[in-house]
Amino acid sequence: MLTTLTLTPTEAAAQPYPIYGAIRVEYDEAGGFVFFGNAVNPESDAARGGRWQAFEKDSSIYWHPLVSDGHANQIGGAIRAKWGELGWENGALRYPTSRELPTRKPGRFNHFEGGTVHWSRATGAHNTWGAIRDKWATLSWEDGRLGFPVIDEFRAKNDGAGQHFEGGSIYWSSDTGARVVVGAIRDIWASQNWENGRYGYPISDEYDYNDGRAQDFQGGRIEWHPPR
């Protein structure tokens, strides 16, 4: 169905490309001309039967009939740039499933079919996905102890993966699952060469132990006790 393009006289004079259909719906819902400005290209083909259009105020809108129940989603700024580094809709993240939204701590995020990109002024834009993203989500995303990611997910020993956050790290391997490492225990583990050292990967999260804290690793337990 073709959606009628309705612009003010000023917008109509300036708008070089028409904005139609689902992309027009998202354009209006996400802020219209004030937020997006003019379209800078005609609506164009995207991967696997989708469509996209870019706008002069550093945003694009992407649509696919099988994503978000056919609702198009805005993406822009540093989050769009990170998504582009990862291959746009052809990459591991695939299509956006939300428009850019505010986080509870000052920052922004977009959800995608294959993960999420979070941005804050202090940390920049970084993707999370898979088991590490799922673990981080259980800890209240950026609003929890770990805060925002400060680096993209990276490969670790024996085809595992890790990711650092403002408040700690999450490491994953197929044998151990995704585990959080924070504070003094993380510092000790890091001093022993992370998962490449004598302790290997964490096999538990941190827990209360003998009036202190402890965490189990493939190669043993690391304990922490407050000064007496």
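Just so you know, these numbers come straight off a predicted model, no measurement behind them.

With reference to specific residues and values, describe the side chain of Ser98.
Structurally, Ser98 can be placed in the loop between helix 4 (77-85) and strand 5 (101-102). There is a polar contact of 3.0 Å between the side chain of Ser98 and the backbone nitrogen of His111.

Describe the packing of aromatic side chains, naming the residues involved and giving the relevant values.
Where two aromatic rings form a pair, the distance of their centres and the angle of their planes describe that pair. Going through the model one piece at a time under the given rule, you end up with 18 aromatic pairs. With centroids separated by 5.5 Å and ring planes inclined at 40 degrees, the aromatic side chains of Trp189 and Phe217 adopt a geometry described as tilted. Here Trp189 is found in helix 6 (residues 183-191), whereas its partner Phe217 is found in strand 14 (residues 212-217), with 28 residues between them in sequence. Through a chain of ring-to-ring contacts, three or more aromatic side chains come together here, namely Trp52, Tyr62, Trp83, Trp88, Tyr95 and Phe112.

How would you explain the pattern of salt bridges if you had to name every residue and give the values?
Following the criterion strictly, the structure yields 20 salt bridges and no others. One salt bridge in this structure joins Arg99 and Glu26, with 2.7 Å as the shortest N-O distance. Of this pair, Arg99 sits in the loop between helix 4 and strand 5 while Glu26 sits in helix 2 (residues 21-29), and the two are 73 residues apart along the sequence. Note on Arg99: relative accessible area 24%, which makes it partly exposed. Using a relative accessible area of 0% as the deciding quantity, one classes Glu26 as buried. Glu43 is the partner of Arg51 in a salt bridge, and the nearest nitrogen-oxygen pair spans 3.0 Å. Salt bridges sharing common partners tie together Glu26, Glu29 and Arg99.

An account of the sheet that holds strand 8 (residues 124-128) is needed here, citing residue identities and associated values.
Pairing in this open sheet of four strands is antiparallel, and the strands run 5-6-7-8 from one edge to the other. The outermost strands of the open sheet, each flanked by one partner alone, are strand 5 and strand 8. Both strand 7 (residues 115-120) and strand 8 contribute to a ladder of five bridges, which runs antiparallel. What sits directly across from His118, in strand 8, is His126. Running over the sheet, helix 5 (residues 130-138) touches strand 6 (108-112), strand 7 and strand 8 and is turned about 60 degrees from strand 7.

Residue-level account of helix 5, with values.
The complete set of buried residues in helix 5 reads Ile132, Arg133, Lys135 and Trp136. Buried residues of helix 5, seen end-on, are gathered within an arc of 160 degrees and therefore sit on one face of the element. Contacts from the buried residues of helix 5 go to strand 6, strand 7, strand 8, strand 10 (160-165), strand 11 (168-173) and strand 12 (177-181). Ser140 occupies a position one or two residues after helix 5 and carries a positive phi of about 75 degrees.

What counts and what doesn't
- Every chain begins its residue count from 1, and numbering advances along the sequence as written.
- pLDDT decides what is reported in this predicted model: residues at 70 or higher carry local features, side-chain atom pairs at 80 or more are listed and counted, and totals for whole chains, interfaces and linings draw on all residues regardless.
- To obtain the side-chain values, all non-hydrogen atoms of the structure were included, while hydrogens and water were left out.
- Comment: elements are numbered from the N terminus, with helices defined as DSSP H or I runs of at least four residues and strands as E runs of at least two.
- In protein, a polar contact means a hydrogen-donor-capable atom and an acceptor-capable atom, both N or O and within 3.5 Å, with residues adjacent in sequence counting only if both atoms are side-chain atoms; elsewhere, any N or O pair within 3.5 Å suffices.
- For Phe, Tyr and Trp, where Trp contributes only its six-membered ring, two rings pair if their centres lie within 6.5 Å, and the inter-plane angle classes them as stacked under 30 degrees, edge-to-face over 60, or tilted in between.
- Basic side-chain nitrogens of Lys or Arg form a salt bridge, by our definition, when they fall within 4 Å of a carboxyl oxygen of Asp or Glu.
- Working definition: with a 1.4 Å probe on protein chains only, accessible area under 20% of the residue-type maximum means buried, over 50% means exposed, and in between means partly exposed.
- The pairing criterion for strands is at least two bridges between them, as found by DSSP.
- Note on definitions: a residue-residue contact is assigned when non-hydrogen atoms from the two residues lie within 4.5 Å.
- Throughout, an axis means a line fitted to C-alpha atoms (over the contacting stretch in the case of helices), and angles, computed between N-to-C directions, take values from 0 to 180 degrees.
- Note that the arc is defined by the directions from the helix axis to the C-beta atoms.

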